[in-house]
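What the coordinates show
Each chain is listed here by its residues.
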Protein chains: 2
Amino acid sequence: MGKQWNRAEQAFMDYTKVMSQYEEAISLMHWDLRTGAPKKGVEGRSDVIATLSQQVHEMATSETMKQYIQTLKGNTDDPIIQKSVEECERNYEQSSKIPSEEYKEYVALQSKSESIWEEAKENNDFELYRPYLEKMVEYNKRFAAYWGYEGHIYNALLDNFEPGVTVDVLDNVFPKVRKALTDLLQKITQSNVEVDPSVLTGHFPKDKQQSFSLEILKRMGYDFDGGRLDETVHPFAIDLNPGDVRVTTKYDEADFRTAVFGTIHEGGHALYEQNVDTELAYTPVASGTSMGIHESQSLFWENFVARSKAFWNNHFDLFLSNAPTSFQHVDFTSFFHAVNEVKPSLIRIEADELTYCLHIMVRYELEKALINSEIEVKDLPELWNDKMEEYLGIRPTTNQEGILQDVHWAGGAFGYFPSYALGYMYAAQLHHAMQQQLDVDALVAQGTFDPIRQWLTNNVHQYGKMKKPLEILNDATGESLNPDYLVHYLTEKYKKIYLYE
Amino acid sequence: MGKQWNRAEQAFMDYTKVMSQYEEAISLMHWDLRTGAPKKGVEGRSDVIATLSQQVHEMATSETMKQYIQTLKGNTDDPIIQKSVEECERNYEQSSKIPSEEYKEYVALQSKSESIWEEAKENNDFELYRPYLEKMVEYNKRFAAYWGYEGHIYNALLDNFEPGVTVDVLDNVFPKVRKALTDLLQKITQSNVEVDPSVLTGHFPKDKQQSFSLEILKRMGYDFDGGRLDETVHPFAIDLNPGDVRVTTKYDEADFRTAVFGTIHEGGHALYEQNVDTELAYTPVASGTSMGIHESQSLFWENFVARSKAFWNNHFDLFLSNAPTSFQHVDFTSFFHAVNEVKPSLIRIEADELTYCLHIMVRYELEKALINSEIEVKDLPELWNDKMEEYLGIRPTTNQEGILQDVHWAGGAFGYFPSYALGYMYAAQLHHAMQQQLDVDALVAQGTFDPIRQWLTNNVHQYGKMKKPLEILNDATGESLNPDYLVHYLTEKYKKIYLYE
C-alpha cells in the first residue's frame, strides 16, 4: 500500500501479519467446531488448534519479536506501528514473565478444570470442583505477582480484559450503581403494574424467527457480503478477517426472544468488527479494544435500540407478519412491557436489563476478595448465596443455581466479569452522547439505523485497538466513566413501564 | 501409542504430524470457501491459505526433512515410517529439483492462467487463453526434465497423479478399450430400443432430493458422526482428519440426477477416507493412494452400484416416496433405462458411463503429444475436434464446447486425465474380484451394502498410501491392470438395455 515503511517496520508488519493469519485459521476452526463439525473430528481438530496456537505464542515471545520491540518502540512515525508495537510488547511481557513450565501446567489444568466444572454443575457437586477452583485461584495470584501491579493485586488481572480500568475505578462506580439499581428494583417490585411475560411464549417456528432476525440484522447495517448467520448452542460473534465477521444464534421455538435478542446482541458485536478501519487489517490492533467496549456495542443494539418503545413502534408489524396466529391478539403495550419485564432471577444469563449488573457485582466482589486472599474457595457457596440475597433479594437453594453456574472461573478468567457491567455503563454513556447529536428515538422509530451505526463507527468501531477503552469513552462522550447515565436511563425507562411514581 | 520408536523416528513422526495439521487447517479453509464463506472475506482467506501452504512447503523441503530422510530411509523397522519416509522423499525430490524462483513464477502463473481460462471459456476465445496454455506446457516440459523419467517424457507428469503407471501401461490398454467402446457405441446407436431421459426431468424439490441422498449415503455406510453433507457449486469430498470427512453436493430442481448420483459419487470418495486404518492418522501416508484409485471408489458406488438394476429394484420405492407426483407414473423399466442412457455428447462432465472414457482418451493423446513436442498449442482446437469426431462421432462447433471446457490444463495439471479412465478400469476389475467372493447383485438388491463396503475397506481403503495403485489392484484382484473387465461389464450391461444382439 503506498506506505513508506523502513526495513524494520516492514519486517515487523509482515511478521505480525503472519500471526494474524494463523489466528484467522484458528478462529475458523473454532467457528466450525461450534456450528456443526462432526463429533469424531473434534479431538484431532482441537490438537490442530493447539499446534497453531503454540506457533502464535512462540512468535509472540520470540527473540525476533523482542528485537522488533526494542528497535521500533518510540522509534516509528507511523501511529499504527506504534500502537502495534505497544500491543505486542504487552503480550510479550505478559507471556515472558510466566515461567514456561508453569504456563504449560496452567493451560493443561484449564481444560481439565473446565470439564470437571461441567460435571460438577451437572451433578450439583461443588466439592468435586473445589480443588480445581482453588488451583485456578492460586495460579492467578501467582501470575498477578509475576506481572506486577499498582495498588490492588486484582488490577493485574483486570488489565487483561479492560486495560486501564482499575479497582479504584470500579469501586468508585459499582456501589453507586448498586444502590440505585436496588432502590429501583424495590419500586418495581412494589408496582401495581402487571407485566405478563407469557404473552411472548408459545410456538414460533424457527424459519420465521430466522427471517425476522435476518431482516433486523440487515436493517442494523450488518453486511452479509462480509458475514453470515449460523446456528449454534452458545451464540457468539467471531471476526475471521475484516471481510468475514460471522454471527451465530440459537432458536428456541418456545421462546422467540432467545434468537431475536440474541441475534441483535451478536449483531452489535459484529458491527464493531465489520467497521474497524481497513487500514488496521491484519495488524495487532485490528480488532475491538476490550471486552467492555465490545459488550457496550452488543448491549447498545440489544437494549438501547431493540428493547426501546421506538423500536417496537416501528417493528411490531414486521414482528407480527412473521409471528404465528397465537401472537396476533397480543396488544402492543402488553408486548412491549413483557419484553422489558424486570424480575430478579438466579441465573445471570437469563437476567433482565436491570438486574444483570447486580449479578456482576456479586461476582466482582467475590473474585476481588479471592485474589486478595480475603476469602477462601471453600466458603464461596455461602458467600455467593449471601450476596445474592443481599443484592437481588433471592437466595439460591442449590450450588447449581449459585456458584456453579458460570464457566469463567473454571477456566481461570478472573477479572473478566466486570467487563459486562462496564459494557452497560459505556453503552448508556455513549447513548447519552449520541442523543446530543442525533434524535436517536426518532431514528429508531423510523427504522433508520444508518446514522446510529455511523455514529458508533466514527466514535468507537473504526479505532480498533488504536485507543484504550477509557480513551474511547472520553473522546466519544467528553467525560470519563460516569455511571449516572445508566442509572438515569434505567430509571426513566422503567418509570414509564412500571409507573412507580 | 505404546509404539517403540527411537528418537529419530519419533522426531520425524512429530514433524510430519505438524505438516498434516497445517494441511487440515488449509483443507477446512478450502471447504469453507466452497460452502458459503462471505465474498468479502475470500481474498484475505486465500492469503492465509497461501501462507500456511508456504509453511508446509518449507517444512517439506527443509534441511531438517532432508536429514530425517537420510537417517531413516531403509533404516527403520516400522513399515508406516518406512512408507512415510518414501513419500516425503518423493516430495522432497520433486520440490527441490525445481529452482525455487522458477517454481514461484509457476505458482503465480497458475492462478493467472486459470482466471484467464475462465474468461476465455466464457467468451469462447481460445486466442486469449493460448499464450497461457503455451507457458503451462513449457513449464511442465521443463519440470519433467528436472524430475527425470524413464521412457516417455510424459511419464514424469503421470507419476504425480498415478504413481507407477506409465505411457507403456496406458498404451497397452487404452486402444483396446477405445476400440471396444466405439464398437459398443455403434451397436447402441443402431439399437431400436428407445430410451427417453425426459422421464427423469421435471421439478423435484431440493429438500426431497436431500432426504433421498442422505438416506442412500447412510445405507452406503457413510458415517455422519465423522462427516456432513453441504451444498456447493462444484461438488467434492474432502478429508479434514480421519473423523471428519465431508461431502458436498449441488441440487438442480429440474434434474435430480445431479444431486443423487453426485452425492453417491462423492460418498464413494468419502468412504475411502473414512476407512483408512486409524494407525495411519496424521502420517504422510494417511490418505488415498492416487487419483485413479480414488476415482475407482466413487465410480464403483455411482455406477456399479447406483446405476445397476439391482439397486433400483430395491430403491425405486424409496425414490418414489421422495419424488413429486409427476414421477409417480414413470414405470420401472423406463426409469432404469433413462438412468443408463448412452448418448455421445460434447461435454466430458455430462458424459454417460460408456462414452466418458472416450473423452479421456481424446485428452490423453493430446496432452501426451503436447508434452512430447509432437503437436503445438495453436493446433489444439482442430486436433481436439478431429479426435472427438473420430472417437465419439460428434464434432464441437465452438471451442467452448471443445478445447476450452476443462480447467485442468489451465492449472498445469498434465497427466491428470488418465486417472479418470483408470478409475473406471480399476472399478470394473475390483467389481469382478468382489463378485468372486460376494454375491454383489444380491446384496445390492437387498440394500445390504455393508459387506461390499467392508470388502472395499479390506482390499483398498485401509491401506491409505501404504500401497501404490497397481499394488492395490494386484493384491485385491490377483492380476495387473486388465481392461477386459470394464469392456465386459459395459457390454453385458448395455446388451440388456439396448438389446442390440
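Per an unreviewed UniProt entry, chain A goes by the name Metal-dependent carboxypeptidase and belongs to Pontibacillus salicampi. The UniProt entry for chain A carries the following comment under Function (unreviewed entry): "Broad specificity carboxypetidase that releases amino acids sequentially from the C-terminus, including neutral, aromatic, polar and basic residues."

The next thing to look at is the overall build of chain A. What chain A contains, in helices and strands, is 20 helices and 3 strands. By the compact-globule yardstick of 23 Å for 501 residues, chain A fits well, its C-alpha radius of gyration being 23 Å. For chain A, the spread of C-alpha atoms along the principal axes amounts to about 65 × 55 × 50 Å. Per-residue burial over chain A gives 56% buried out of 501 residues. Only carbon and sulfur atoms are counted for the fraction: they give 47% of the accessible area of chain A, which is about 20900 Å². A distance of 1 Å separates the average location of the 47 positive side-chain charges in chain A from that of its 77 negative side-chain charges.

On to the pattern of salt bridges, then. All chains considered together, the criterion is met by 67 salt bridges over all chains. Of the charged contacts, one joins Arg45 of chain A and Asp244 of chain B as a salt bridge, the two residues approaching to 2.8 Å between their closest N and O atoms. Of the two residues, Arg45 of chain A is situated in helix α2 (residues 42–60) and Asp244 of chain B in strand β3 (residues 244–249); the pairing between them involves two chains. With relative accessibility at 0%, the residue Asp244 of chain B sits in the buried group. A salt bridge links Lys495 of chain A to Glu492 of chain A; the shortest N-O distance between them is 3.4 Å. Of the two residues, Lys495 of chain A and Glu492 of chain A both sit in helix α20 (residues 484–498), 3 residues apart, roughly one turn of that helix. One continuous salt-bridge network, built from bridges that share partners, spans Glu24, Asp244 and Arg246 of chain A together with Asp32 and Arg45 of chain B.

To continue, consider the environment of Arg219 of chain A. Residue and element names in this part refer to chain A. Position of Arg219 among the secondary structure elements: in helix α9 (residues 206–220). Judged by its relative accessible area of 31%, Arg219 falls in the partly exposed class. Placed 229 residues apart in sequence, Arg219 and Thr448 show a C-alpha to C-alpha distance of 7.8 Å. Apart from residues lying up to four places away in sequence, Arg219 is in contact with Asn314, His315, Leu318 and Phe449. Within the structure, Arg219 has its side chain in polar contact with the side chain of Glu215 (distance 2.9 Å).

Right, let's talk about the sheet that holds strand β2 (residues 237–241) of chain A for a bit. Residue and element names in this part refer to chain A. Pairing in this open sheet of 3 strands is mixed, and the strands run β1-β3-β2 from one edge to the other. Lying at the two open borders of the sheet, with one neighbouring strand each, are β1 (229–231) and β2. When the angles between neighbouring strand axes are averaged without regard to direction, this sheet yields 30°. Here β1 runs beside strand β3 (residues 244–249); their pairing, made up of 3 bridges, is parallel. What sits directly across from Glu231, in β3, is Thr249.

Before going further, it helps to spend a moment on the interface of chain A and chain B. Listed as interface residues are 35 residues of chain A and, on the opposing side, 35 residues of chain B. Summed over both partners, the interface of chain A with chain B buries about 2700 Å², with 53% contributed by carbon and sulfur atoms. At the boundary of chain A with chain B, the tally comes to 10 salt bridges. In this assembly, chain A and chain B are joined by 24 residue pairs in polar contact (both at pLDDT 80 or more). Elements represented by at least two residues in the side of chain A that touches chain B include exactly α1 (7–35), α2, β2 and β3 of chain A. Here the side of chain A that touches chain B takes 10 residues from α1 of chain A, the largest share from any one element. Counted by class, the side of chain A that touches chain B contains 13 nonpolar, 11 polar and 11 charged residues.

All names here are of chain B. Pairing geometry for strand β2 (residues 237–241) and β3, over 4 bridges, is antiparallel. Note on β3: the bridge partner recorded for Ile238 is Arg246. Where β2 hands over to β3, the hairpin turn is made up of 2 residues, counted between the paired strands.

Here the focus is the nonpolar core. Formed by 136 residues in total, the largest nonpolar core has its most connected members in Trp301, Trp312, Phe319, Trp409 and Ile452 of chain A. Ignoring sequence-local partners within four residues, the contact set of Ile452 of chain A consists of Phe300, Trp301, Met434, Leu438, Val440, Leu443 and Val444 of chain A. Counting 134 residues, the second largest nonpolar core, distinct from the first, contains Ile153, Phe212, Val260 and Val377 of chain B.

Another point: the packing of aromatic side chains. This structure, assessed with the given rule, holds 88 aromatic pairs over all chains. Where Phe212 of chain B meets Trp312 of chain B, the ring centres are 6.3 Å apart and the plane angle is 15°; that geometry is what we call stacked. Taken together, the positions of Phe212 of chain B in helix α9 (residues 206–220) and Trp312 of chain B in helix α12 (residues 309–322) put the pair 100 residues apart, joining distant regions of the chain. Residue Trp312 of chain B is classed as buried on the basis of its relative accessible area of 0%. Above the ring of Tyr139 of chain A, the side-chain terminus of Arg142 of chain A is found at 4.9 Å from the ring centroid. The lysine or arginine in question, Arg363 of chain B, covers the ring of Phe417 of chain B, its NZ or CZ lying 5.5 Å from the ring centre.

Reading the values: the criteria
Residues numbered from 1 in each chain as written. Chains lettered and ligands numbered in written order. Predicted model: local features only at pLDDT ≥ 70, side-chain atom pairs only at ≥ 80, totals over all residues. Heavy atoms only, no water. UniProt positions renumbered as here; feature names shortened; annotations may be inferred. Helix = DSSP H or I, 4+ residues; strand = E, 2+ residues; numbered from the N terminus. Rg over C-alpha atoms; globule rule 2.2 N^0.38 Å. Buried < 20%, exposed > 50% of the residue type's maximum accessible area, 1.4 Å probe, protein only. Areas by Shrake-Rupley, 256 points an atom, 1.4 Å probe, with all protein chains shown as cover. Lys, Arg positive; Asp, Glu negative; His and termini not counted. Charge placed at Lys NZ, Arg CZ, Asp CG, Glu CD. Salt bridge = Lys/Arg side-chain N within 4 Å of Asp/Glu carboxyl O. Contact = heavy atoms within 4.5 Å. Polar contact = N/O pair within 3.5 Å; in protein donor to acceptor, adjacent residues only side chain to side chain. Pairing = 2+ DSSP bridges. Axes fitted to C-alpha atoms, helices over the stretch in contact; angles between N-to-C directions. Buried area = accessible area lost by both parts, 1.4 Å probe. Nonpolar A, V, L, I, M, F, W, Y, C, P; charged D, E, K, R; others polar. Core = buried A, V, L, I, M, F, W, Y, C linked by side-chain atoms within 4.5 Å. Phe/Tyr/Trp six-rings, centres within 6.5 Å; stacked < 30°, edge-to-face > 60°. Lys NZ or Arg CZ within 6 Å of the ring centre and 35° of its normal.

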